[in-house]
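# Structural characterization, general
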Amino acid sequence: MRSPWLNKLSVIFGPRTPVSLLLICGISIVALIAVLGSSSSNELDSVTSTPKPDIYTYYRRLKEQSAVDYLELRTLSLGASRQKEFKLCGKEREIFVPCYNLSANVLAGFKDGEEFDRHCELSRLGEQCLVRPPKDYKIPLRWPTGRDVIWSGNVKITKDQFLSSGSMTKRLMLLEENQIAFHSEDGLIFDGVKDYSRQVAEMIGLGSDSEFLQAGVHNVLDIGCGFGSFGAHLVSLKLMAVCVAAYEATGSQVQLALERGLPAMIGNFISKKLPYPSLSFDMVHCAQCGIIWDQKDGMFLIEVDRLLKPGGYFVLTSPSSKPQGSSSSMKKRSMLKPLEDFSERICWSFIAQQDETSIWQKTVDAHCYASRKYAIPLCKEGHDAVTYYQPLMSCISGTNSKRWIPIQNRSSGSQLSKAELEVHGKYSFKFSFFSEHFVLVVLAFRVQPEDFFEDLQVWRSALRNYWSLLTPLIFSDHPKRPGDEDPLPPFNMIRNVMDMNAHYGGLNAAFQEEKKSVWVMNVVPVNARNTLPLILDKGFAGVLHDWCEPFPTYPRTYDMLHANGLLSQLSSERCDMMELFLEMDRILRPEGWVVLSDNLGAIEMARALATQVRWEARVIDLQNGSDQRLLVSQKPFVKK
C-alpha cells in the first residue's frame, strides 16, 4: 500500500513514480556535486562556467557545457582532488632555457667546448613554476612591422651591450627609447644585406638573388645568424632560412631572430649532430659565425656535408680576412688553404671567392667520395637512421640514400613531383580535419601523389576552423592587456607557429596555400615515424625532438602551438605530462594559443593541466559521435 507521500508524487508524475523519482534524485545529486565542485576552485569556475557569447547557438552552448560537466563529474567520481595553479617563477628564470647549465656541465667533466652544449641528461626537476615575462615585456608588433621593430624589454640585451657591440651593429640597429629598429638596407655585411645576397647569387652563376628558387635553393641553414638580417631578406624572397646559433645568456641571436618572427632554434657545432636528417638543406651559410671549420679533423665540415643536399652550397663569409694589402691577401689565402684542401677530400668544388666571401658546392656524384686522395670513409648503412644529437662522426653519409637528388633537379614549389614522392616510400598514416560543421574525419591512406592534394584540402578546412576559433570573442573573459585594449577580432597577432606533431607538414602547407603570413616549425617526435625528410624536401622548417625533453628555444618565442594526436602518443612513454605543459607554457608568448586535437581521455587530462598553468581553456565537442575532442586554450598576460 502506497504512502500518502508517494500518492502525491503519483499525481504529479503519473504511475511511473519510481523512475521519475530516480530521475529527480539523479538530477539533484548531479546538481549538488556540480555546486560543490565549483566552490572548490574559483579559478576553475571562471574557466568552465563563463557564459558563452551570442555567436554560439543555444544548442551549441548546451553541448559544450554538457561536455564540460561530464569531465568535471568524471574527475570527481575518480576521487581526484583539484590541484592548485602553479605559482610564478622568480625573476632569475625570465630567460631560462633548460639543458644549458654551464656550471653543471663543468662539474660533470665536460670540456673542450662541450660544456656549452646541450645536456638534458644533467637536468634535474627543479621547482615547478610558470616562467613570467620581464617587467617591461610588451606584446610583439604585428608582422611585418614586428620584423623591423621590436620592444627592447622583450629581449635580454641592455643598452650598454648594444652600444659596445661594434660599429656594424650600430648600423644595423637603432635603439630609440624602448624599441630596437632593424634597418632593412643595413646588415652585418659591409655593403648591405641586399647587395650581399645579390653578390652570393652572382657568385654561384645566377643573374640575381630572385633566381635562388629556380636554381633549387629553397631552404637555408644560417649558422650564427647575428640579428637575422640575412634571414629576413631571404624570407622576403620566399626562401625558408632557419637560424641556428649557440645558447647565449644575454644578447641571444636566436632570441632576437624569433622576436622578429624569423625561424630560429638553439644549436651548436661542437660535439653532436644537429637534429636534422642527412640531405636536409640547399645552402649552409656562415657569416662571422665564430666556428673554426678545420678543427677536429674537419668533422664540422663533414657535418655540413651531411646536411647539404647534392649540388648544395656552403657560403663562408669572414670579414677578418678581407684584404687590405698584399700581406693581408696572403694571410687570407693561408687561412682558407686548410678549408680548400679538406673540401677536395669531401668532393666539394670551390666555386668562387670575392672580397671576404667564399663559396663551395657539394658534388652531385655519390661515387666521387671513394675516388679522392685521402678520401673520407663512407658511413655504414643505417648509420644515419638516428640523428637526434648523436656524436659527430668522421664519415660521409647519405650517398646510398634514395633522396640523393641534385637540388637543380628538384621541383620549384612545395608540392613534390611523383618521382620525388616515390623516394619517400608508401606509408600508412592518419590525420584529422574539421569541416564547416566541426566534424572530425579520420582517414588512412597509402601515400600517393593524389593523397597530398587531398591532405591539403583537409588541412585547409581545418585551418579555416582553427583560425575562426583564435579570437577573444570565444573567450568572453579574455583579460585586458596591462595598459592596452584587447586586440581587434577576427584574430590576434600570430607569426611563429609550432606544429608539435607535424606528421607530413599538412598544417604548414595549408598556411602557405592560404597565404597566411606565418612560418611553422614542424616538429617530428623521435619516437614517431620519421617524416622529417619529406617535410624538409617540401622546403619547410622542421626538426626532430623528444618531447620528454625541453625544446631548444628561449621563453616566449611562439604565438601558437598545435598538436594532433601527440598526447595519446606520449601517454605510453616516459614523459611527464605536467612537465610537458610547463614547457609549452615556457615557450608560448603571453596571449598565445594552444590547439590540441586528441581523444576524449587525452583532452580531459589536458584540460585539467591547462587549468593548472592558468590557460583559458575550452573543450570543443566535434558533434559527430566520435571519441575525438578539440581543446583550444589561450595563455593570459600575467604580470606581477
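These numbers come from a predicted model, not from an experiment.

### Considerations on helix α10 (residues 229–236)
Within α10, six of the eight residues are buried, which leaves it mostly tucked inside the rest of the structure. After α10 finishes, the residue K238 shows a positive phi value of roughly 75°.

### A word on the sheet that holds strand β6 (residues 264–266)
Spatially, β6-β5-β4-β7-β8-β10-β9 is the arrangement adopted by the seven strands of the open sheet, whose pairing is mixed. Because the sheet does not close on itself, it has two edges, and the strands there are β6 and β9 (348–354). Here the strands of the sheet are splayed against their neighbours by 20° on average, with no regard to which way each runs. Bridge analysis of strand β7 (residues 281–287) against strand β8 (residues 308–317) gives six bridges, and the strand direction is parallel. The partner of H285 across the bridge, within β8, is V315.

### Points about the state of the cysteines
Counted under the stated rule, the structure contains seven disulfides. Across a sulfur-sulfur distance of 2.0 Å, C286 and C289 are joined as a disulfide pair. Residues C286 and C289 are joined through a disulfide that is left-handed, its torsion about the S-S bond being -80°. Its relative accessible area of 2% is what places C286 among the buried residues.

### Structural notes on the side chain of N496
Note on placement: N496 falls in strand β13 (residues 496–499). In terms of polar contacts, N496 uses its side chain to reach the backbone carbonyl oxygen of L258, at 2.9 Å. Here N496 is in contact with L258, G261, L262, W519, T557, Y558, D559, M560 and R589, once residues within four sequence places are set aside.

### Overview of the environment of M578
Inspection of the secondary structure assignment puts M578 in helix α19 (residues 577–587). For the pair M578 and Q128, spaced 450 residues apart in the sequence, the C-alpha separation amounts to 9.1 Å. Those residues in contact with M578 that lie beyond four places of it in its chain are F86, Q128, L609, Q612 and V613.

### Overview of the packing of aromatic side chains
A complete count under the given rule lists 17 aromatic pairs for this structure. Between F350 and W360, the ring centres sit 5.2 Å apart and the planes meet at 70°, which makes this aromatic pair edge-to-face. Here the residue F350 occupies a position in strand β9, and W360 occupies one in strand β10 (residues 357–362), the gap between them amounting to 10 residues. The exposure class of F350 is partly exposed, given its relative accessible area of 35%. Taking the centre distance of 5.9 Å and the plane angle of 20° together, the rings of W547 and F551 count as stacked.

### Describing empty space enclosed by the protein
Applying the stated criterion across every chain yields a total of 14 cavities of 30 Å³ or more. Taken as a whole, the second largest cavity holds about 100 Å³ of empty space. Lining the second largest cavity are L88, L130, V131, R132, P133, D585, P590, V613, R614, K635, P636 and V638. When the residues that make up the lining of the second largest cavity are grouped by side-chain class, the tally is eight nonpolar, no polar and four charged.

### Quick notes on the sheet that holds strand β19 (residues 628–634)
Reading across from one edge, β15-β14-β13-β16-β17-β19-β18 is the order of the seven strands in this open sheet, with mixed pairing throughout. Each having just a single partner strand, β15 (541–545) and β18 (616–621) make up the two edges of the open sheet. When the angles between neighbouring strand axes are averaged without regard to direction, this sheet yields 15°. Here β18 pairs with β19 via six bridges, running antiparallel. Its bridge partner being in β19, V619 is matched across the sheet by L631. Lying on the sheet, α19 is in contact with β13, β16 (558–564) and β17 (588–599); it crosses β17 at an angle near 140°.

### Some details on the nonpolar core
Y276, W293, F314, F581 and L596 are the most contacted members of the largest nonpolar core, which has 128 residues in total. The element contributing the most residues to this core is helix α15 (residues 449–469), with eight residues. Not counting chain neighbours up to four residues away, the residues in contact with L596 comprise A563, L567, F581, M584, I603, A606, R629, L630 and L631. Counting residues in each nonpolar core, the second largest holds 22 residues, with V193, F212, L239 and A241 among its members.

### A look at the pattern of salt bridges
In a structure, side chains of opposite charge can pair up when their charged atoms sit close to one another. Applying the stated rule across the entire model yields 16 salt bridges. Across the pair D195 and R198 runs a salt bridge whose closest N-O atoms are separated by 2.4 Å. With D195 and R198 both in helix α9 (residues 193–203) and three residues apart, the pair spans about one turn of that helix. It is possible to trace a salt-bridge network through shared partners that takes in D282, K309, R403 and D537.

### Regarding the environment of S571
As for its position among the elements, S571 is in the loop between α18 (566–570) and α19. The spacing of S571 and A602 is 31 residues in sequence and 8.3 Å in space, taken between C-alpha atoms. Here S568 takes part through its backbone oxygen, which lies 2.7 Å from a polar atom of the side chain of S571.

So, how was this worked out
Residues numbered from 1 in each chain as written. Predicted model: local features only at pLDDT ≥ 70, side-chain atom pairs only at ≥ 80, totals over all residues. Heavy atoms only, no water. Buried < 20%, exposed > 50% of the residue type's maximum accessible area, 1.4 Å probe, protein only. Helix = DSSP H or I, 4+ residues; strand = E, 2+ residues; numbered from the N terminus. Pairing = 2+ DSSP bridges. Axes fitted to C-alpha atoms, helices over the stretch in contact; angles between N-to-C directions. Disulfide = S-S within 2.5 Å. Polar contact = N/O pair within 3.5 Å; in protein donor to acceptor, adjacent residues only side chain to side chain. Contact = heavy atoms within 4.5 Å. Phe/Tyr/Trp six-rings, centres within 6.5 Å; stacked < 30°, edge-to-face > 60°. 1 Å grid on protein atoms, 1.4 Å probe; cavity = no way out; pocket = protein on both sides within 12 Å on 5 of 7 lines; lining within 4 Å. Points joined across faces, edges and corners; volume = space filled by probe spheres on them. Nonpolar A, V, L, I, M, F, W, Y, C, P; charged D, E, K, R; others polar. Core = buried A, V, L, I, M, F, W, Y, C linked by side-chain atoms within 4.5 Å. Salt bridge = Lys/Arg side-chain N within 4 Å of Asp/Glu carboxyl O.

Purely geometric numbers; function is a separate question.
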